[in-house]
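# Inside the fold
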Amino acid sequence: MLTHAKPTDEEFLAFYRGEAHNLRGHSFQAVLDWSDDTWEQVHDFIQWVFPNDKPSAYNPGAPVLTPAITSLWPTDPLLSANLEAAFARWLRFAGVERDPSGAFCFAESPNLGVWAHPNHNWLRITRVLTCLRLLGRRDDATHLLEFLEGVAARRFGIGDDTLRHWRAAAKA
C-alpha cells in the first residue's frame, strides 16, 4: 500500500544506492531507464532522484535531505556515481549535453524544446540545481545555470522571475 510517510534516511539511501525501491516500487535504475515520455508524464520520481533539503509541496512522501545524508555524498563513491548517472539522464531528457570542449560546458541537443513554454520542467530545473549544489556539485549547478541564462532564456523567453529561482537554487 502506498503511504505518504516520508522515507527514513536509511530507506532513501538504500533507494539511491540501488538496493531498494521507492514508495511506488521503482528502483533507482528503473527510473533512469524510463523513456523521456515517462519522465515527462510521471511527476513523483524527481524528488527521489534529485532530493532537496525542503519538503516537496507536491509529493508529501518525498525524501528530504538532512545534514547527515548530505555529508555522505563526498565520501560514498556509489552515491556520487548515481548522482552523476541521474544528472546525465536528466540532461538527456532536458535536451542539454555536455560540451566536449570543457568539463563544465553545456550545449543544446535536439530535445531542448521540452522547455518551450512554462511547465513543470521549469520547476524541475530548480530542483536539479538545488540538488547539485547541496550534494557537492556546485560547479555543475553554476555552469548549467550559465547555460540556462544564455541559450534557454534567450531562445525560449524565460523570464526574470524564473531565472531568479534558478539563480537562487544554484548559488544559495
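Residues numbered from 1 in each chain as written. Predicted model: local features only at pLDDT ≥ 70, side-chain atom pairs only at ≥ 80, totals over all residues. Heavy atoms only, no water.

## Description of the pattern of salt bridges
Our working rule: For salt bridges, the criterion is a side-chain nitrogen of Lys or Arg within 4 Å of an Asp or Glu carboxyl oxygen. Secondary structure elements are taken from DSSP: a helix is a run of H or I of four residues or more, a strand is a run of E of two residues or more, and numbering for both begins at the N terminus. Buried means the residue's accessible area, taken with a 1.4 Å probe over protein chains only, is under 20% of the maximum for its type, while exposed means over 50%, and partly exposed covers the values in between.
Enumeration over the complete set of coordinates arrives at ten salt bridges. Its salt-bridge partner being R24, residue D44 comes within 2.4 Å of it at the nearest N-O pair. Remark: R24 occurs in the loop between α1 (9-16) and α2 (28-33) and D44 occurs in the loop between α3 (36-41) and α4 (46-49); sequence separation between them is 20 residues. Residue D140 pairs with R137 through a salt bridge whose shortest N-O separation is 2.4 Å. Grouping residues by exposure puts D140 and R137 together as buried. Overlapping salt bridges bring together E84, R98, R137 and D140 as one network.

## Regarding helix α7 (residues 120-134)
Here is the rule we go by: One fewer than the residue count of a helix, multiplied by 1.5 Å, yields its expected span.
Counted at 1.5 Å a residue, the expected span for α7 with its 15 residues is 21 Å, and the 21 Å between its end C-alpha atoms agrees. Counting buried residues along α7, twelve of its 15 residues qualify, which places the element largely inside the surrounding structure. Restricting attention to buried positions, one finds in α7 the residues N121, W122, R124, I125, R127, V128, L129, T130, C131, L132, R133 and L134. Of the residues flanking the end of α7, it is G136, one or two places downstream, whose phi is positive at about 85°.

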